Amino acid sequence: MAMLEAAALSKHFRARRGLFGGSGVVRAVDGVSFAIEGGRTLGVVGESGCGKTTTAKLVLGLEEPTEGGIRFEGCDLNALDAGGRRNYRKSVQAVFQDPYASLNPRMRVGAIIAEPLVTNEALTAKETRRAVLRLLDLVALPARSADLFPHEFSGGQRQRIAIARALALSPKLVVLDDPVSALDVSIRAQILNLLRDLQGELGLSYLFIAHDLAAVAHMSHTIAVMYLGKIVESGEAEALVRAPKHPYTQALFSAALPSSPEERREEIVLAGEVPSPLRPPSGCRFHPRCSSVMERCKGNAPALAEVEGRLVACHLYNSAGP
Amino acid sequence: MSTRALLELQNLSTHYVSAKGTRVVRAVEDVSLRIAAGETLGIVGESGSGKSTLALSILRLLPPAARIPSGRMLFEGEDLLQKSDAEMRRVRGKRIAMILQDPMASLNPLFTIGDQVAEPIRVHEGATRASAWARARDLLKAVRIPSPQARLSQHPHEMSGGMRQRIVGAIGISCEPRLLIADEPTTSLDLTIQAQYLNLLRELQRAHGLALIFITHNLGIVAKMCDQLAVMYAGRVVEQGPVRQIFKAPAHPYTRALLSSIPRMSDGRQRLTAIDGQPPDLSALPPGCAFAPRCPSAFAPCREAEPPEVAGVANSRVRCWLAAPGAGRGNAGNGAL
């Protein structure tokens, strides 16, 4: 059984159109299902507006789903009482993109890392101090860091502090929302390696969200590709990266930058831009930009179906029709 | 490098000096570079490596605290550092144009797209409003803006991020410059939009014989777009040469480490080779080579004196003691030479 399972998860926001316009509904996440196994990484990729950040917020319990639900270790989150929810929040922690914004500049690093412990566990000052030193050691920062302020650290070191804070309550799942894109290129590998080491040592699961496809491919066991609120393809990371099946996944991976000047791949340049989630296209949401579009794509939204061991939502692979 | 240089920087330095003159930040130090007409040069570095200061130095758009204590900047044979402010104004936007990182910040929200695309044409060529707007419409068409005539009278907030960046591109090429400097032009764009934009820049370059300078921290953009590469670290160009040569056989330990620290799609879940330590503070640089504290191959001379720039293979140049004649020979750990 998967550690975390999301079933037909949806989050809709009401949005006002213009000053005098009526209101519309943004289907930021629309009927998304996925599973995260213990000790494994699920990578989520997609462009702005695809719903990956909203998905992360739903998993963190920062947003309530409009429909559908999340089961964590077999328990439905909607059915949990206050104590159960508190336990869930302790088991699921987050590291955000920008370590300059996610750390309080007025708090010492020791207090930042200890804060989850202070609010959630009844520890003595001595025990808290010991826990902070252990966490600093875990992320390879010197013990004296506890008495310093965030501004005394570089971006990479700050991200280590954010990771230490996320690990304070010994979570089972950590949501990583683009954790290296704000860092210098020479620092990124340090943080990615640290996250991988911590996963091995502590048996953590990750929900890894990033713009950099190569970083997602590097970190993930499984990958889900999102487009306008829906998962269009998901499956085992290596196979998906090697041979993407959905036309959007193919275009996305072909748009990734090469790793050397010799690397020449066929580039599928998509026409136009991502449509507004306020007025998503009918049928398959990708059809206006798709090079393999067929008549039924326009009226009929394809469901995720298994194709060669992976899930793809595309009529191309579903000859029988619904 | 047989062709004549369009722009040649000779030993250029740009320093920021504090108000009392006590603190000096050597943002750009002793940089020599050249770019030929129609060529694409990538300048790569981390934040604080001096790459943006270098771009602003070329256009002489530096803040008041900046000084250029030495060097020459020859553009089509004329030294830009000798020009008066009035002469520089006739160069900027006309012969050398620049595209900045954030398209929202480089467009004025109060003016229409037509006014902003037509402005350089009216200023530099004295065109009438009607003829400048007609040219602006053609430019919007060239950067693939749908229904360009209608877009001319709209304002920036009515466009998407990708469209705004293309409009900034249209302004850049409006007076048919010889050189276009693009400072991280695609960092705010989504992946598929970035691919569209880079292809567009390449087409414009071919159509107009433009020389392009790409300022970026992204080696993928360099691999895709550039012929020549200059790698900056702590204000200095530590390695420069043809892109293929440098990707194939990087001579400087920093370049080598940078190239091997980037995750690749094909590597699966292999462990990355990380670079230890942090980028240096430019106002408190160590003696010797600035990369020495993080360098896996550093030896005694690296901590004593700055390495000279020496010629390498295939028109490349490298600033490293390992490559210097005599100094590095026979030293263990120097496998590449």
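Residues numbered from 1 in each chain as written. Chains lettered and ligands numbered in written order. Predicted model: local features only at pLDDT ≥ 70, side-chain atom pairs only at ≥ 80, totals over all residues.

*Asks:* Help me out: how do you make sense of the overall build of chain A in this one?
*Replies:* From N to C terminus, chain A includes 9 helices and 12 strands. Its C-alpha radius of gyration of 21 Å places chain A within 12% of the 20 Å reference for a compact globule of 322 residues. Once the C-alpha set of chain A is aligned to its principal axes, its extents read approximately 70 × 55 × 45 Å. Per-residue burial over chain A gives 46% buried out of 322 residues. When contacts within chain A are restricted to residue pairs at least 6 apart in sequence, long-range pairs at least 24 apart make up 64% of them. (Helix = DSSP H or I, 4+ residues; strand = E, 2+ residues; numbered from the N terminus. Rg over C-alpha atoms; globule rule 2.2 N^0.38 Å. Buried ≥ 20, exposed ≤ 12 C-beta atoms within 10 Å, placed from the backbone. Contact = placed C-beta atoms within 7 Å.)

*Asks:* Any chance you could explain the sheet that holds strand 1 (residues 5-17) of chain B here in plain terms?
*Replies:* Residues and elements named next belong to chain B. If you trace the 4 strands from one edge of the open sheet to the other, you get 2-1-4-5, paired in antiparallel fashion. Edge positions in the open sheet fall to strand 2 (24-36) and strand 5 (78-79), since each of these has one partner strand only. Bridge count between strand 4 (residues 66-75) and strand 5: 2 bridges; the pairing is antiparallel. Its bridge partner lying in strand 5, L74 is registered against D79. (Pairing = 2+ DSSP bridges.)

*Asks:* Just to check I follow, could you spell out the nonpolar core for this structure?
*Replies:* Side chains of nonpolar character tend, in soluble globular proteins, to be buried together. Among the nonpolar cores identified, the biggest contains 186 residues, and A:L207, A:V225, B:I213, B:F214 and B:V222 are the most heavily contacted of them. With residues near it in sequence (within four places) discarded, A:V225 still touches A:V45, A:G46, A:I231, A:V232, A:E233, A:S234, A:H246, A:Y248, A:T249 and A:L252. (Core = buried A, V, L, I, M, F, W, Y, C linked by C-beta atoms within 7 Å.)

*Asks:* What's the story with helix 7 (residues 161-173) of chain B in this structure? I'm lost.
*Replies:* Note that an α-helix has 3.6 residues per turn; residues three or four places apart therefore point the same way. Residue and element names in this part refer to chain B. The end-to-end C-alpha distance of helix 7 is 19 Å, a good match for the 18 Å that 13 residues give at a rise of 1.5 Å each. Taken across its 13 residues, helix 7 has 12 buried, putting it largely inside the fold. Within helix 7, the full set of buried residues consists of G162, M163, R164, Q165, R166, I167, V168, G169, A170, I171, G172 and I173. Of the surrounding secondary structure, the elements contacted by the buried residues of helix 7 are strand 6 (96-99), helix 3 (103-106), helix 4 (113-125), helix 5 (129-142), strand 7 (179-183) and helix 8 (191-208). (Expected span 1.5 Å × (residues − 1).)

*Asks:* Can you walk me through the sheet that holds strand 3 (residues 40-44) of chain B in this structure?
*Replies:* Backbone hydrogen bonds hold the strands of a sheet together, and the pairing may be parallel or antiparallel. All names here are of chain B. Pairing in this open sheet of 8 strands is mixed, and the strands run 6-7-8-3-9-10-12-11 from one edge to the other. What marks the edges here is a single partner per strand, and that holds for strand 6 and strand 11 (309-311). Neighbour-to-neighbour, the strand axes of this sheet turn through a mean angle of 20°, independent of strand direction. Across 2 bridges, the pairing between strand 10 (residues 236-242) and strand 12 (residues 317-319) is antiparallel. (Axes fitted to C-alpha atoms, helices over the stretch in contact; angles between N-to-C directions.)

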